[in-house]
Amino acid sequence: MEAQLKRELGTSTLRATGHSGGGCISDGLSYDTDSGRVFAKINRKSEARKMFDGEKASLDAIQSTNTIKVPKPVKVIDLEGGGSVFVMEHVDMRSLNRYSARLGEQLADLHLHNKRLKEKQSKAEQTVGKGQSEVPIVEQFGFDTTTCCGYLPQVNDWQSDWVSFYAQQRLQHQLSLVEKSYGDREARELWASLQIKLPQLFAGIKVEPALLHGDLWSGNVAEYSDGPIIFDPASFYGHSEYELGIAGMFGGFGKQFYNAYHEKIPKAPGFEKRIQLYQLFHYLNHWNHFGSSYRGSSLRIMKDLSK
């Protein structure tokens with residue numbers, strides 16, 4: 001693999017640094033190259049290319065907003081022995097601590113970026129002689145590329161209605177996978193009653209398309225010398241509240257983070273119920289990744305929201 005990496009990166013130096021990382025899906029190694037230190041994320045599965053292409057597109061999209069730090073993506077490479085490697089900037093990271101409030105501020109800026117562009121363009125159109133914004137404004141929900149939450153691909157087809165997008169392309173997709181693997185009758189019946197009630201959870205609020213990290217649990221955030229950093233994204237344009245679903249499931253985000261975030265994006269009426277709804281996706285996704293220990297949490301939320 002290292003000989004191939006040297007060729008693909010056009011470097012005469014490729015020296016392993018001893019830094020390693022990774023999670024339950026991919027392994028990671030750091031290397032010194034002619035142009036600096038890089039981090040290589042390695043996955044030997046056949047679907048690795050799709051997963052890494054989605055991650056690279058996500059990092060590119062977040063980086064282009066200039067709101068919050070992500071590792072700069074370099075290249076996705078198909079390995080000769082099968083699988084792929086995703087090369088990105090190496091960043092010396094430590095656990096989130098002193099920059100928790102700044103993470104909240106910058107995450108809100110990421111979520112507000114598309115809305116602010118839209119407002120800026122609207123203002124410019126009212127001023128004589130001002131043209132279109134050079135940065136495209138996103139009016140729908142979805143993403144141009146397939147992204148993966150874990151190793152499962154997400155359906156990111158563009159839709160103008162958020163409730164339809166979330167029901168069909170997030171919950172229904174996960175429940176179809178549950179049905180295929182487990183044939184769970186109770187899940188099927190609860191979903192039939194819940195989906196009728198979904199529009200009620202969004203009564204009186206307008207959902208603006210926001211660029212999301214998409215998998216923002218505490219294991220995908222950290223800090224470096226200059227501030228917070230987020231990584232391992234599964235991006236798409238969706239409801240900003242969706243981001244806070246998984247953030248609340250496994251801990252790691254304190255009051256400072258939430259206070260700073262809600263200072264810029266206040267909670268809308270019905271926020272708590274919708275957070276439950278967004279956690280449902282992640283419990284179903286975990287059920288499909290790791291097995292039926294996540295069944296109980298998934299069914300409990302569906303029961304609560306179907307009442």
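All values reported here derive from a predicted model rather than from experimental measurement. (Residues numbered from 1 in each chain as written. Predicted model: local features only at pLDDT ≥ 70, side-chain atom pairs only at ≥ 80, totals over all residues. Heavy atoms only, no water.)

Attention shifts here to the overall build of the chain. Scanning the chain from N- to C-terminus turns up nine helices and eleven strands. A compact globule built from 307 residues would reach a C-alpha radius of gyration of about 19 Å, and the chain, at 20 Å, matches this within 12%. With the principal axes as the frame, the chain shows a C-alpha extent of 60 × 60 × 35 Å. In the chain, buried positions account for 51% of the 307 residues. (Helix = DSSP H or I, 4+ residues; strand = E, 2+ residues; numbered from the N terminus. Rg over C-alpha atoms; globule rule 2.2 N^0.38 Å. Buried < 20%, exposed > 50% of the residue type's maximum accessible area, 1.4 Å probe, protein only.)

Of all six residues in strand 5 (residues 84-89), five are buried, a share of seventy percent or more. Relative to strand 5, strand 4 (residues 73-78) runs antiparallel, the two sharing five bridges. Within strand 5, the position partnered with Asp-78 by the bridge is Ser-84. The antiparallel pairing of strand 4 with strand 5 creates a hairpin that spans five residues between the two strands, and Gly-82 there sits at a positive phi of about 105°. (Pairing = 2+ DSSP bridges.)

With respect to the secondary-structure elements, Gly-204 resides in the loop between helix 5 (185-197) and strand 8 (210-212). Taking C-alpha positions, Gly-204 is 8.2 Å from Pro-269, a pair spaced 65 residues apart along the chain.

This paragraph deals with the domain arrangement of the chain. Split into domains, the chain comes out as domain 1 (1-90) and domain 2 (95-306). Centre-to-centre, using C-alpha coordinates, domain 1 lies 25 Å away from domain 2. For domain 1, the biggest contributors to the area lost against domain 2 are Thr-67, Ile-68 and Lys-69; these three give 29% of the whole. Linking domain 1 with domain 2 are one salt bridge. Where Asp-232 meets Lys-41, a salt bridge forms, and the shortest distance between an N and an O atom there is 2.6 Å. (Domains from an automatic or database assignment. Buried area = accessible area lost by both parts, 1.4 Å probe. Salt bridge = Lys/Arg side-chain N within 4 Å of Asp/Glu carboxyl O.)

Moving on, we get to the nonpolar core. With 73 residues, the main nonpolar core has Trp-162, Phe-202 and Met-302 as its most contacted residues. The leading source of residues in this core is helix 8 (residues 271-290), at nine residues. Taken together, domain 1 (1-90) and domain 2 (95-306) each give at least three residues to this core, which thus spans both. Contact partners of Phe-202, with chain neighbours within four places excluded, come to Trp-162, Val-163, Val-207, His-239, Arg-274, Leu-277 and Tyr-278. (Core = buried A, V, L, I, M, F, W, Y, C linked by side-chain atoms within 4.5 Å. Contact = heavy atoms within 4.5 Å.)

What follows covers the packing of aromatic side chains. In total, this model carries 19 aromatic pairs according to the counting rule given. Summarising the aromatic geometry, the rings of Trp-162 and Phe-165 are spaced 5.5 Å apart at their centres and angled 20° between planes, so their arrangement reads as stacked. Residue Trp-162 and its partner Phe-165 are located together in helix 4 (residues 162-182), separated by three residues, close to a single helical turn. Under the relative-accessibility criterion, Trp-162 is labelled buried at 3%. Ring plane angle 25° and centroid distance 6.5 Å describe the contact between Phe-257 and Tyr-261, whose orientation is recorded as stacked. Placement of both Phe-257 and Tyr-261 in helix 7 (residues 255-264) is noted, with a separation of four residues, approximately one turn of the helix. Phe-257 sits in the buried class, given a relative accessible area of 0%. Feature note: the residues Phe-141, Trp-162, Phe-165, Tyr-166, Phe-236, Tyr-242, Tyr-278 and Phe-281 constitute an aromatic cluster, connected by ring pairs. A cation over an aromatic ring shows up here: Lys-69 above the ring of Tyr-224, its NZ or CZ 5.7 Å from the ring centre. Lying across the ring of Phe-202, Arg-274 places its NZ or CZ 6.0 Å from the centre. (Phe/Tyr/Trp six-rings, centres within 6.5 Å; stacked < 30°, edge-to-face > 60°. Lys NZ or Arg CZ within 6 Å of the ring centre and 35° of its normal.)

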